[in-house]
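Read off the chains here:
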Amino acid sequence: MRFIAFFIIALLSALPAFALDGQQLLKQIDRNLNPESYESYRKLINIEPDGTRKEFTLYTIKKGTDKVASLFLAPASDKGRSTLRLGDNLWLNIPNVGKPVRITSLQSVVGGVFNNADILQLDYDAEYRVEKVEDKGEDYLLHLKAKNKSVAYDRVRILADKARKLPSRIECLTEAGMLIKTLYFKDIKNFGGINRPATVETDSPLYKGYKSVMLYAKLKKRSFRDEVFTLNAMTSLDSLR
Amino acid sequence: MLRLFIIAVLLTFAAPLLAAEFSFDDAEVEKKIWHLGGYVEARPGLNLLDRDAAQTRLRYYGRHVDDNLPDFNGKLLLEGSLEKDWAKLFLQPSLDYTATRLNSYLRLTWYEAWLQAKPDDSFRFLLGKRSLRWGKGYAWNPVAFFDRPKNPDDPELSLEGYWLATADFIQSFDGPLKTLAVTPLLLPQDHDLNRDFGNGDQINWGGKLYFLLYDTDIDLIMMGRGSRNAGYGLDFSRNLTTNFELHGELAWLVNSTRPVVTSNGQPSLTRGDSISWLLGLRYLTEQDTTWIAEYYRNGNGYYSNEMNTYFQQVERAWATWQQNGNAAQLQRLGQAQSYGRTAAMRDYLYIRVSQKEPFDILYFTPALTTIANLQDASFSVTPELLYTGITNLELRLKGTAVLGAPRSEYGEKQNDARIELRVRYFF
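Residues numbered from 1 in each chain as written. Chains lettered and ligands numbered in written order. Predicted model: local features only at pLDDT ≥ 70, side-chain atom pairs only at ≥ 80, totals over all residues. Heavy atoms only, no water.

A. The nonpolar core, seen in detail. Ranked by size, the top nonpolar core spans 84 residues in total, and within it Y124, L142, L144 and I158 of chain A together with W140 of chain B carry the most contacts. At 6 residues, the largest contribution of residues to this core is made by helix α3 (residues 304–324) of chain B. In this structure, L142 of chain A is in contact with G22, L25, L26, I29, V130, K132, V133, V156, R157, I158 and A160 of chain A, ignoring residues within four places of it in sequence. Membership of the second largest hydrophobic core comes to 28 residues, among which are I61, V228 and L237 of chain A together with Y210 of chain B. (Core = buried A, V, L, I, M, F, W, Y, C linked by side-chain atoms within 4.5 Å. Buried < 20%, exposed > 50% of the residue type's maximum accessible area, 1.4 Å probe, protein only. Helix = DSSP H or I, 4+ residues; strand = E, 2+ residues; numbered from the N terminus. Contact = heavy atoms within 4.5 Å.)

This is the structure:
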């Protein structure tokens, strides 16, 4: 009898884990990181092994699951550059060069460890399917697989805090399971009711000794018209600030 | 005890430093209604002249030049803007200084000067001088009917615009057609305004229809008959995979004219429809090497026999001048500038290979570019080293070797080689 009771209790306690919908959890993590439609300012800092730094400041807007655009505000050599992502399509517009040119998610318009996919990140739920969720005590470990070949990383592992449903570490891997980079989420701050990490650090075994940091400021919900996310509007992003 | 004290002191002083290791204040991103920026550039260069080349003879006959001709180029490009609500004023003057042993000059050019009204995210109107840069090609843009031609040796240089009025109507949709944009334009031309656009004191008109359809950028472009004859264009660009982009352009010029030097040395004009096109790709390898390749068919370019005739005429004119000092024919041929322009003939191949940050050197990009004339097998090779690691400073060392047989396009260029350093500081 005691054995049956123990078995039932064990089953009941395991139910939440079995009932856990990985994709739904991923959606929650996405929403906790960013509102569905928002604007933000970011500073990217590339740090070389000798401590040399280079900083970039960006204004970023996002709408829904497939639209994101960024405008470089600093340094002066990059001011006015803008990037646009519509689903799998990415463009870079350099002032004076004029027309937007198509770029790929694996490239980096700023150099360093962050690539275009990190800078123009869509919702993880839009690009990845959750294969498995592991219970790691205070954290969940989500194993993600890309929905198609057009994304930068074929596999992603997200270590997320159970209570906050926010990532503390994200590992980006190739199809063969080789680690490309690790993102570390730190310094949770309140952005007008949105509690999320204000600092994202990254390093990569491919760039030994190098580190890149992304700082967030003035992140807030904001709605935009779809026409803002078009090639013709790339030169006018500054007017939205 | 002393050790504890030192650690405590170090921690006291280090704590604020650690906290300030990464800082981002809201004040850093405050928007001002005005902006002033630009860059200053120094570009010294050394040309190794080919004294026997047609372009050298036409340019330097009667003047003493050495085999090595250094030059110095300086540039101050300013950008100023004023933006308030839906209106924006943008000004971009450029002050250029060039000096060689033979001459020097200082020139002010307004690349752009325009006023834009944007009452709505889906509509904007622009009046003023603007470089449009239509087309998808990197080295050439045959569909850029309303732009000055760019230099394939340095396709990212700023271009002087034309005075025009244009508007954008943009609509986004769900479904295969994601974006539709209509861009009509008017470009007046007379002896004061847009003087080099053509002849005829006309108000030229044209426009562009842009579609993002099935993840492909497509432009349909038109130029009405005015100061120039009518033209129709199509371009496209698409990422086939995450690291492979394909693009192309097709331009049909109706009844276009071409100045030709005849076998008796006289200038003549030929007329006829011309179709120019290009097909290109951009490919990024796993090692971060970017390949850009373009094939360009210049429908309005010279055939091999026409170019050969021209070079023969230059040789004869040169011989005449050496015999009796009569430079009249050299002067006449020197005015036929269409023979000396870049991509003057029919078939070209452009290949550029660049490697991002080799040997883990951040912001360092070496590149190698070649432009080949497929008709006469002459070509140029341009190695380049670019470093942007110092904030707002860009350093570029670039060399060009020009190779080709006598009476080939590149074989008759002014230089056998050129090396230049470009130091550009942005502010």
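B. Geometry of the interface of chain B and chain A. Each partner contributes residues to the interface: chain B has 62 residues there, and chain A has 60 residues. At the boundary of chain B with chain A, total buried surface from both sides reaches about 5200 Å², with 50% on carbon and sulfur atoms. Of all residues in chain B, the largest losses of buried area upon contact with chain A belong to F22, F24 and T242 of chain B, amounting jointly to 14% of the total for that side. Linking chain B to chain A there are 4 salt bridges. Here R225 of chain A makes a salt bridge to D120 of chain B, at a shortest N to O gap of 3.0 Å. For the pair chain B and chain A, the interface holds 23 residue pairs in polar contact (both at pLDDT 80 or more). At the level of secondary structure, the elements contributing two or more residues to the side of chain B that touches chain A comprise β2 (68–84), β4 (104–120), β6 (162–172), β7 (177–189), β8 (202–213), β9 (216–223), β10 (231–241) and β12 (267–284) of chain B. (Buried area = accessible area lost by both parts, 1.4 Å probe. Salt bridge = Lys/Arg side-chain N within 4 Å of Asp/Glu carboxyl O. Polar contact = N/O pair within 3.5 Å; in protein donor to acceptor, adjacent residues only side chain to side chain.)

C. Expanded view of empty space enclosed by the protein. Residue and element names in this part refer to chain A. By the definition in use, this model includes 5 cavities of 30 Å³ or more. Approximately 280 Å³ is the volume found for the largest cavity. Along its surface, the largest cavity is lined by 21 residues, and N34, D118, Q121, Y124 and Y216 are the ones closest to its centre. Those elements that place two or more of their residues in the lining of the largest cavity are α2 (22–33), β1 (37–47), β2 (53–63), α3 (116–119), β11 (179–191), β12 (194–204) and β13 (207–221). Grouping the constituent residues of the lining of the largest cavity by class yields 12 nonpolar, 3 polar and 6 charged. (1 Å grid on protein atoms, 1.4 Å probe; cavity = no way out; pocket = protein on both sides within 12 Å on 5 of 7 lines; lining within 4 Å. Points joined across faces, edges and corners; volume = space filled by probe spheres on them. Nonpolar A, V, L, I, M, F, W, Y, C, P; charged D, E, K, R; others polar.)

D. View of the packing of aromatic side chains. Residues and elements named next belong to chain B. Overall, the coordinates contain 22 aromatic pairs over all chains when judged by the stated rule. Summarising the aromatic geometry, the rings of F90 and W114 are spaced 5.0 Å apart at their centres and angled 25° between planes, so their arrangement reads as stacked. Within this pair, whereas F90 is found in strand β3 (residues 87–100), its partner W114 is found in strand β4, the two being separated by 24 residues in sequence. For W114, a relative accessible area of 6% gives the class buried. Through a chain of ring-to-ring contacts, three or more aromatic side chains come together here, namely W134, F146, Y162 and F197. (Phe/Tyr/Trp six-rings, centres within 6.5 Å; stacked < 30°, edge-to-face > 60°.)

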